[in-house]
Amino acid sequence: MKSYRTYAIIAALMGAMLFAGPAEAKQLNVVTSTTDMAALAQEVGGDKIKVEAIARGYQDPHFVEAKPSFLLKLRNADLLIAVGLDLELGWLPALVTQCGNGKIQPAASGYLDASQFAEILEKPTGPVSRAQGDVHPLGNPHYWLDPDNGRRIAKGIAAKLAQMDPENAAYFQQRAADFEQRLAQAEKRWQQQMAPYRGRKVVSYHKSWPNFARHFGLDVVGYVEPRPGIPPSPQHTMELIGQMKRDNVKIILVEPYFDLKTPNSIASKTGGKVVVLLPSVGGEQQASDYFKLFDYDIQLLTSAFQQVK
Ligand SMILES: [Zn+2]
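Residues numbered from 1 in each chain as written. Predicted model: local features only at pLDDT ≥ 70, side-chain atom pairs only at ≥ 80, totals over all residues. Heavy atoms only, no water.

Novice: I'd love a proper account of the overall build of the protein, names of residues and values included.
Specialist: When helices and strands are tallied, the protein shows 11 helices and 8 strands. What you see for the protein is a C-alpha radius of gyration of 21 Å, in line with the 19 Å of a compact globule of 309 residues. If you line up the protein on its principal axes, its C-alpha atoms span 65 × 45 × 35 Å. Classification of the 309 residues of the protein by burial places 48% in the buried group. The long-range share in the protein, meaning contacts at least 24 apart out of those at least 6 apart in sequence, stands at 64%. (Helix = DSSP H or I, 4+ residues; strand = E, 2+ residues; numbered from the N terminus. Rg over C-alpha atoms; globule rule 2.2 N^0.38 Å. Buried < 20%, exposed > 50% of the residue type's maximum accessible area, 1.4 Å probe, protein only. Contact = heavy atoms within 4.5 Å.)

Laid out in structure tokens, this is it:
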């Protein structure tokens, strides 16, 4: 059944290639682990690439359920862009091994770990250990949530695309420059919106926001999870409530894939407000590209700050 489907898809692809013009035939086939990497690749790749993400924007990127359809995507990829820092450890390496596509194996030229371009926070100083279930053993992997890193990643992807498709190198560089300019403009607007709330203390469910917080001047003082990837415990929740009362913290940021029960109970005991903030492009329909993700989150945050005073 599966192989019949595979043949049908291959036949359809071959048919499409026969009728496509030379421009389409040359498109690089880019697959990314997450929607954020896909959004950045699309910004610089334009119509010279075809890009598809594996995880959906509303999924926890640490824990994605592997599906057979992912293997087909990977099998046909020229380039795989991963977030790295073990973000996808639970699901991507096995898929990459199983897909049998030599071009995108971690040591091959079609594998791009985007973390190499970004500024990484919370890098471990001692020996790396996952003993306590920590899902951030190599530093914080949610680094795309700082526009400065978005700019760096886009530049890195453009250079990679130029290397793989030298004929279109100027096109990719031009798009990267254009992206940088539009991002600089958007950043001015975002900084203005966030300016009144610089230094505000918040707590978040997971450690998704250190890069975002640093860029926009927020102070994340605690987490609903005792450690990244470890579910809340009654003891830790009690301590967090105490801390929020002492420090007068009113905002609880929650990623869309976590249960709201504990955050809601914390909010009711502290007079706080739960804000479901999106860490990824596509987390909601409106957050359909890298710019709209920040637009969405900043709009939500600023209105929440206004409500809690
Ligand atoms: Zn994480």
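Novice: I'd love a proper account of the pairing of strand β8 (residues 273-276), names of residues and values included.
Specialist: Pairing between strand β7 (residues 251-254) and β8: 4 bridges, direction parallel. Of the residues in β8, the one forming a bridge with I251 is K273. Once you follow β7 into helix α10 (residues 261-270) and on to β8, the crossover reads as right-handed. (Pairing = 2+ DSSP bridges. Right-handed = clockwise from strand over helix to strand, strands pointing away.)

Novice: Before we move on, could you go through helix α3 (residues 35-45) and cite the residues and values that matter?
Specialist: Within α3, 10 of the 11 residues are buried, which leaves the element mostly enclosed by the surrounding structure. Taken residue by residue, α3 has T35, D36, M37, A38, A39, L40, A41, E43, V44 and G45 as its buried positions. At its buried positions, α3 is contacted by β1 (28-32), β2 (49-53), β3 (79-82), α6 (147-164), α7 (169-194) and α11 (290-308). A positive backbone phi angle near 50° is found at G46, which sits one or two residues after α3.

Novice: I'd like a description of the coordination of the zinc ion, backed by residues and values.
Specialist: Protein coordination of the zinc ion is provided by H62 (NE2), H136 (NE2), H142 (NE2) and H206 (NE2), with donor distances spanning 1.9 to 2.0 Å. Classification of the site at the zinc ion as tetrahedral follows from its 4 donor atoms and the range of 105 to 112° in their angles at the metal. On the accessibility criterion, H62 (4% relative accessible area) is buried. Given the relative accessible area of 1%, H142 is considered buried. (Donors = N, O, S within 2.8 Å, 3.2 Å for Na, K, Ca; no water. Tetrahedral: all angles 85-135°; square planar, octahedral: opposite > 155°, others 65-115°.)

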